[in-house]
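Descriptive analysis of the structure
Spelled out, the chains give:
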Amino acid sequence: MKIIDENEEWMEKEDEELEEEEEEKSVEAVEEEPEEEEPQRSAVKIAKILIFYLAMAFFGWNFFSFMFSSNFCSIGEIIVQGNDCLSENEILYSSKIKLGENIFKLDLKESKNSLMQEPWIKEAVIKRLIPNKIIISVKEREAAAFVCIGDEYFTSSKEGLVLSKIDKPEEGFSLPLISGLEITEIKIGEIIDKTEYKTALESINSAEVIIPKKFNQIIILSSDDFMIYSEDSTLKIRVNGPEWIINKENLLREALGKIEKEKLSVEYIDIRFKDSLIIKVKK
């Protein structure tokens, strides 16, 4: 009986060991399954990503194709802001922007560069207003004087930039007229590269500060000799430059008062000399 019991125990142990081995194998099989499925899952994931990006590219291409070819985005209105001297048509012509052009095909930088070729325009900003509007904002240069060069007349800025060609100014013109420059011809957009121009402009503006709305013309006699004329040409002041007018303001006022009080017929007032002023009376 004892031998039988020992055999049974041995048999039972053997069965238990077999069951444990089978369980271990089944566990290993289960653990091995994810390793086999992982490449498949990665491939599926990559495929989904590729499909997504292909779909996005397809819709994006069609969207941009629509935007660049549809009449929906054709320029239907151009708004011009900040212009005073130039008309809207002149600004549109200079910008080379055309109604009906696709708003996305418009090269804003090229249009701005074209616009900046116009001497009157100092600054310019061009913006798209989707879907079909363009806004052009400009800042114009200020005209400072009329200039006589040869037989022609021009409008110029403070810096001497020639802004436009004009007819001969009539009486009562709003800007000072500068003549006597040693220049035979000049083109619109060019700079008057003469120091006498700035000296003349500053001189007549200084005279205007002392006696507003009195003087409107200055003739350059030489590089340091200028004759300023009143509107009716009854009063002339001969100067070296603007600083002489400022330094002799009191003397000049006294001289003008004397002329008016005594009803003198004066050819001109000469303030070119240091610490003195000469009233040249007509003979």
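The rules we used
- Residues numbered from 1 in each chain as written.
- Predicted model: local features only at pLDDT ≥ 70, side-chain atom pairs only at ≥ 80, totals over all residues.
- Heavy atoms only, no water.
- Helix = DSSP H or I, 4+ residues; strand = E, 2+ residues; numbered from the N terminus.
- Contact = heavy atoms within 4.5 Å.
- Salt bridge = Lys/Arg side-chain N within 4 Å of Asp/Glu carboxyl O.
- Buried < 20%, exposed > 50% of the residue type's maximum accessible area, 1.4 Å probe, protein only.
- Arc of directions from axis to C-beta.
- Pairing = 2+ DSSP bridges.
- Axes fitted to C-alpha atoms, helices over the stretch in contact; angles between N-to-C directions.
- 1 Å grid on protein atoms, 1.4 Å probe; cavity = no way out; pocket = protein on both sides within 12 Å on 5 of 7 lines; lining within 4 Å.
- Points joined across faces, edges and corners; volume = space filled by probe spheres on them.
- Nonpolar A, V, L, I, M, F, W, Y, C, P; charged D, E, K, R; others polar.

On to the side chain of S203, then. Its location among the elements puts S203 in helix α4 (residues 195–210). Here S203 is in contact with I218, I228, V239, G241, P242 and I245, once residues within four sequence places are set aside.

Oppositely charged side chains are able to pair whenever their charged atoms sit close together. Summed over the entire model, instances satisfying the criterion amount to seven salt bridges. The salt bridge partner of E77 is K133, with a shortest N-O separation of 3.5 Å. With a gap of 56 residues between them, E77 in strand β1 (residues 77–81) and K133 in strand β3 (residues 133–140) connect regions that are remote in the sequence. Look at E77 and you get partly exposed, because its relative accessible area is 35%. D225 is paired through a salt bridge with R272; the nearest N and O atoms lie 3.4 Å apart. Remark: R272 occurs in the loop between β11 (266–270) and β12 (278–281) and D225 occurs in strand β9 (residues 225–230); sequence separation between them is 47 residues. Residue classification places D225 among the buried residues on the basis of a relative accessible area of 8%. One network of salt bridges, with partners in common, ties together D225, R238, D270 and R272.

The next point concerns helix α2 (residues 88–95). Those residues of α2 not exposed but buried are I91, S94 and S95. Along the axis of α2, the buried residues cluster in a sector spanning 95°; they form a single face. Set apart from the buried face of α2 by more than 90 degrees, the exposed residues are N89 and Y93. Here the buried face of α2 lies against β1, α3 (108–115) and β3. One or two positions beyond α2, positive phi appears at K96, with a value near 65°.

Strand order across the open sheet formed by three strands is β1-β3-β2, with mixed pairing between neighbours. Edge positions in the sheet fall to β1 and β2 (121–129), since each of these pairs with one other strand and no more. Strand-to-strand, the axes of this sheet are offset by a mean angle of 15°, without reference to chain direction. Bridging between β1 and β3 involves five bridges; their strand directions are parallel. In the strand pairing of β3, E77 is matched with K133.

Moving on, we get to the pairing of strand β10 (residues 236–239). For β9 and β10, the ladder comprises four bridges, and the chain directions are antiparallel. When the bridges of β10 are listed, F226 appears paired with V239. Linking β9 to β10, which pair antiparallel, is a turn of five residues; within it S233 sits at a positive phi near 60°. Here two bridges tie β10 to β11, and the two strands are oriented parallel to one another. Its bridge partner lying in β11, I237 is registered against I269.

What follows covers the layout of surface pockets. Quantified by volume, the largest pocket comes out at close to 230 Å³. Along its surface, the largest pocket is lined by K214, T234, L235, L256, I259, E260, L264, S265, V266 and K282. It is helix α6 (residues 249–262) that contributes the most residues to the lining of the largest pocket, three residues altogether. Residue classes in the lining of the largest pocket are distributed as five nonpolar, two polar and three charged. Around the second largest pocket, the lining residues are K122, K139, E140, R141, E142, A144, S157, K158 and E159. Split by residue class, the lining of the second largest pocket holds one nonpolar, one polar and seven charged.

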